[in-house]
Amino acid sequence: MRARSVSMFYDLLIAPFIEFEFMRRALVGASALALAGSPLGVFLLLRRMSLTGDAMAHAILPGAAVGYLIAGLSLPAMTIGGLAAGLSVALLSGLVARFTALREDASLAGFYLMSLALGVTILSLRGSSVDLLHVLFGNVLALDEDTLLFLAGVSNFTLLALAAGYRALAMETLDPGFLSSVSKAGGPAQVLFLSLVVLNLVAGFHALGTLLAVGIMILPAASARLWSPDITRMTLIAALIGLVSSAAGLLLSYHFNLPPGPLIVLTAGVWHVASMIFGLSGGYLRRLPPRRHLEA
Amino acid sequence: MSAALRIHDLTLAYDRHPVVHHLSGEIEQGALLAVCGPNGGGKSTLLKGIVGALQPIGGKVERLACDARAIAYLPQAADVDRSFPIDVFDMVAMGHWRSIGWFGGLSKTQSARVFDAIAAVGLTGFEDRPIGTLSGGQMQRVLFARLLLQDAPIILLDEPFNAIDQRTVSELLELVARWRSEKRTVIVVLHDLDLVRRVFPQTLLLAREKIAWGPTADVLRPENLLSARRMVEAFDREAHECERAA
């Protein structure tokens, strides 16, 4: 009986990764994204930029599409294109906010919508709808050696760069006025952060596609906020949720023969809903019963 | 006594409409100066000009005691995100930025100074409290503790006692007195004229133009206060270009 349940456990959770290389690659790729995405997501959340991440993800599309138009499904071409598009939209909306009456959210919305429409148009010039699906939703089960190395490289670089910029970024988020009165670090910290977000979204779209890449960043971070108010713990919890969701999403996709990208993000979504209900730090149930109050 | 700040024919403006108009004067090292005047009179704008957050469109501010980034500045509505997960100790420790920068750790002495500053504002025991749980007065104490750490030769406070209870005000004023005894230059924007008369030896009465600047008793005369009141809110969409020599 026990042997049978162990073997069932093995078949369900372990065997797919042991038997199939593409599953192992997918797990490594998704884990790399989840690890780097969690601290970025936490900062997006703290800076009230959760939707900015989403807008940036859309903005990447035309760059990737131009890369695709020139070189087909090529990793460097689509990466460079995506980075260029993402960074210029970030930069342009910053400039527009500074030099016109539009606020940053409005100008970002304008640029990302133009960018998205342009991207879809460019793709339709040459690509089939299969290609469009690939760019929009990625293909985590078809990660080749180069893409995998790229994802791992981006993940490592992100964690190191974020560690280096952490203090300035935290201060810029908490009290931008103070930071700008004592140093010039605010601007560089912001640019570093936005660049890392774009870089990770570009890395993410190879695996999850432009539309879902931001999911592995925001959902675990937003869930983690409901478990702890502490920034370090939030990041660790977010990473854990991201990793578990990656593995679980891949397994579900394997067993039920469904697309892996959406299932990874959906799994993270299940965690999110559970956190909203059960979260120890601001979850619904925690707030519900008026517990007896304290003396002081 | 040497000057800490020299203001030469300073004009500060938003969209070409001057808010501080042709202001000149000198602030001595160790001075304790109150800046008074009606709303819209340019008090906060003057502090922004001194700290370098707003570039003058005419004249200049000469900072003799230290460079602009060494000035400690507490803005009127400090744009602190109170929901950010940080505790009082770390918040106050931000005052060490100029010595620790992006990467430096806190030395033992520096940590001890953080604890001292927290003690000086009467918040001992609050070190681990998240800033989101503090009251308005406690938050203002935290901001003062951070100012203490900045160890700045020039300290600018913009209406620091707004919506703060009497006891907190008097305790924070003790810090101001301490800064003065340490020969720091302190400039405070205030509306409470009784407080100004009690505590501040020097006053600048500002209503876009300088109304009066000097010993507090001379500045806060009824005729000066009256003309300050008349000067305000004269924003004119069709205003002509100012012809006064720059």
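Shown above is the structure to which this text applies.
A brief report on the enclosed structure follows. (Residues numbered from 1 in each chain as written. Chains lettered and ligands numbered in written order. Predicted model: local features only at pLDDT ≥ 70, side-chain atom pairs only at ≥ 80, totals over all residues. Heavy atoms only, no water.)

## What to know about the overall build of chain A
On a plain count of helices and strands, chain A comes out with 14 helices and 0 strands. Reading the secondary structure of chain A in the N-to-C direction produces α-α-α-α-α-α-α-α-α-α-α-α-α-α. For a compact globule of 296 residues, the expected C-alpha radius of gyration is about 19 Å, and chain A comes in at 20 Å, within 12% of that figure. Structurally, chain A occupies a C-alpha span of about 70 × 70 × 30 Å along its principal axes. Burial statistics for chain A: of 296 residues in total, 50% are counted as buried. For chain A, the share of sequence-separated contacts (at least 6 apart) that also reach a separation of at least 24 residues comes to 73%. Chain A carries 17 positive and 14 negative side-chain charges, and their two centres are separated by 11 Å. (Helix = DSSP H or I, 4+ residues; strand = E, 2+ residues; numbered from the N terminus. Rg over C-alpha atoms; globule rule 2.2 N^0.38 Å. Buried < 20%, exposed > 50% of the residue type's maximum accessible area, 1.4 Å probe, protein only. Contact = heavy atoms within 4.5 Å. Lys, Arg positive; Asp, Glu negative; His and termini not counted. Charge placed at Lys NZ, Arg CZ, Asp CG, Glu CD.)

## Concerning the sheet that holds strand β4 (residues 58–63) of chain B
Residue and element names in this part refer to chain B. The antiparallel open sheet is built from 3 strands, whose spatial order is β2-β1-β4. Because the sheet does not close on itself, it has two edges, and the strands there are β2 (17–28) and β4. Strand-to-strand twist across the sheet, computed as the mean angle between neighbouring axes with direction ignored, equals 15°. In this sheet, β4 lies alongside strand β1 (residues 3–14) in antiparallel orientation, the contact comprising 5 bridges. Residue pairing in the sheet places T11 in a bridge with G58 of β4. (Pairing = 2+ DSSP bridges. Axes fitted to C-alpha atoms, helices over the stretch in contact; angles between N-to-C directions.)

## Regarding the pattern of salt bridges
Pairing is possible between side chains of opposite charge, provided their charged atoms come close. Residue and element names in this part refer to chain B. All chains considered together, the criterion is met by 15 salt bridges over all chains. For E182, the salt bridge identified is with R184, shortest N-O distance 2.8 Å. A relative accessible area of 36% places E182 in the partly exposed class. A salt bridge links D194 to R197, with the shortest nitrogen-to-oxygen separation between them at 3.8 Å. Here D194 pairs with R197, and both are found in helix α7 (residues 193–199), just 3 residues apart, close to one helical turn. Of the residues examined, D194 reaches a relative accessible area of 52% and is grouped as exposed. Taken together, the shared-partner salt bridges in this structure form one network comprising D151, R178, E182 and R184. (Salt bridge = Lys/Arg side-chain N within 4 Å of Asp/Glu carboxyl O.)

## Observations concerning the sheet that holds strand β6 (residues 154–158) of chain B
Residue and element names in this part refer to chain B. Strand order in the open sheet formed by 6 strands is β5-β6-β7-β3-β8-β9, and the pairing between neighbours is mixed. Edge strands, defined here as strands with exactly one partner in the open sheet, are β5 (72–74) and β9 (209–215). Along the sheet, successive strands turn relative to each other by an average axial angle of 15°, direction set aside. The pairing of β5 with β6 spans 3 bridges and is classified as parallel. Considered in β6, the bridge of Y73 is made with L156. Sitting on the sheet, helix α6 (residues 166–181) is in contact with β3 (32–36), β6 and β7 (185–189), with an inclination near 155° to β6.

## A short note on helix α8 (residues 145–174) of chain A
Residue pairs spaced three or four apart in an α-helix point in one direction, given the helix's 3.6 residues per turn. With 30 residues, α8 of chain A should reach 44 Å at 1.5 Å per residue; the first-to-last C-alpha distance of 40 Å fits that figure. Largest kink in α8 of chain A: about 60°, centred on Y166 of chain A. (Expected span 1.5 Å × (residues − 1). Bend = angle between axes of the 7 residues up to and from the residue.)

## Considerations on the packing of helix α10 (residues 186–212) of chain A against helix α11 (residues 215–225) of chain A
Residue and element names in this part refer to chain A. Where α10 contacts α11, the axes come no closer than 9 Å and their chain directions differ by 100°. With respect to α11, the axis of α10 lies roughly perpendicular. Within the contact between the two elements, α10 uses V197, N200, L201, L208 and L212 and α11 uses G215, I216 and M217. (Parallel < 35°, antiparallel > 145°, perpendicular 65-115°, else oblique.)

## Topic: the packing of aromatic side chains
Between two aromatic rings, the relevant description is the distance of the centres plus the angle of the planes. Going through the model one piece at a time under the given rule, you end up with 9 aromatic pairs over all chains. When the ring of F20 of chain A is compared with that of F22 of chain A, the centres are 5.4 Å apart and the planes differ by 45°; the resulting orientation is tilted. Consider the rings of F43 of chain A and F193 of chain A, whose centres lie 6.2 Å apart with planes at 65°: the pair is edge-to-face. Here F193 of chain A lies in helix α10 and F43 of chain A lies in helix α2 (residues 21–46), a separation of 150 residues in the sequence. With respect to class, F43 of chain A is no different from F193 of chain A; both count as buried. Taking NZ or CZ as reference, R146 of chain B lies 3.6 Å from the ring centre of F178 of chain A, over its face. (Phe/Tyr/Trp six-rings, centres within 6.5 Å; stacked < 30°, edge-to-face > 60°. Lys NZ or Arg CZ within 6 Å of the ring centre and 35° of its normal.)

## Section: the interface of chain B and chain A
Residue-level contacts link 22 residues of chain B with 26 residues of chain A. Taken together, both faces of the contact between chain B and chain A bury some 2100 Å²; the carbon and sulfur share is 63%. It is R69, W97 and W102 of chain B that lose the most area in chain B upon contact with chain A, and together they represent 35% of the buried surface on that side. On the surface where chain B and chain A come into contact, there are 2 salt bridges. Looking at the side of chain B that touches chain A, the elements with two or more residues in it are α3 (97–100) and α5 (136–150) of chain B. Sort the elements by how many residues they give to the side of chain B that touches chain A and α3 of chain B lands first, with 3 residues. Residue composition of the side of chain B that touches chain A, grouped by class: 12 nonpolar, 5 polar and 5 charged. (Buried area = accessible area lost by both parts, 1.4 Å probe. Nonpolar A, V, L, I, M, F, W, Y, C, P; charged D, E, K, R; others polar.)

## So, a nonpolar patch on the surface
Residues and elements named next belong to chain A. Residues W227, V273, M276, I277, F278, L280, Y284, L285 and L288 make up a contiguous nonpolar surface patch of about 850 Å² in total accessible area. Residue assignment for the nonpolar patch shows that the elements contributing at least two residues are α13 (260–278) and α14 (284–287). For the nonpolar patch, the element with the most residues is α13, which contributes 4 residues. Relative to the assigned elements, M276 resides in helix α13. We classify M276 as partly exposed; its relative accessible area is 39%. (Patch = residues over 30% accessible without salt bridge, like charges linked within 9 Å, V, L, I, M, F, W, Y side chains within 5 Å. Areas by Shrake-Rupley, 256 points an atom, 1.4 Å probe, with all protein chains shown as cover.)

## Looking at unusual backbone geometry
All names here are of chain B. At H22, a position not held by glycine, the phi torsion is positive, near 45°. Considering the arrangement of structural elements, one finds H22 in strand β2. Residue classification places H22 among the buried residues on the basis of a relative accessible area of 17%. Of note in the backbone geometry, K183 takes a positive phi value of approximately 65° without being a glycine. Residue placement: K183 occurs in the loop between α6 and β7. Judged by its relative accessible area of 54%, K183 falls in the exposed class.

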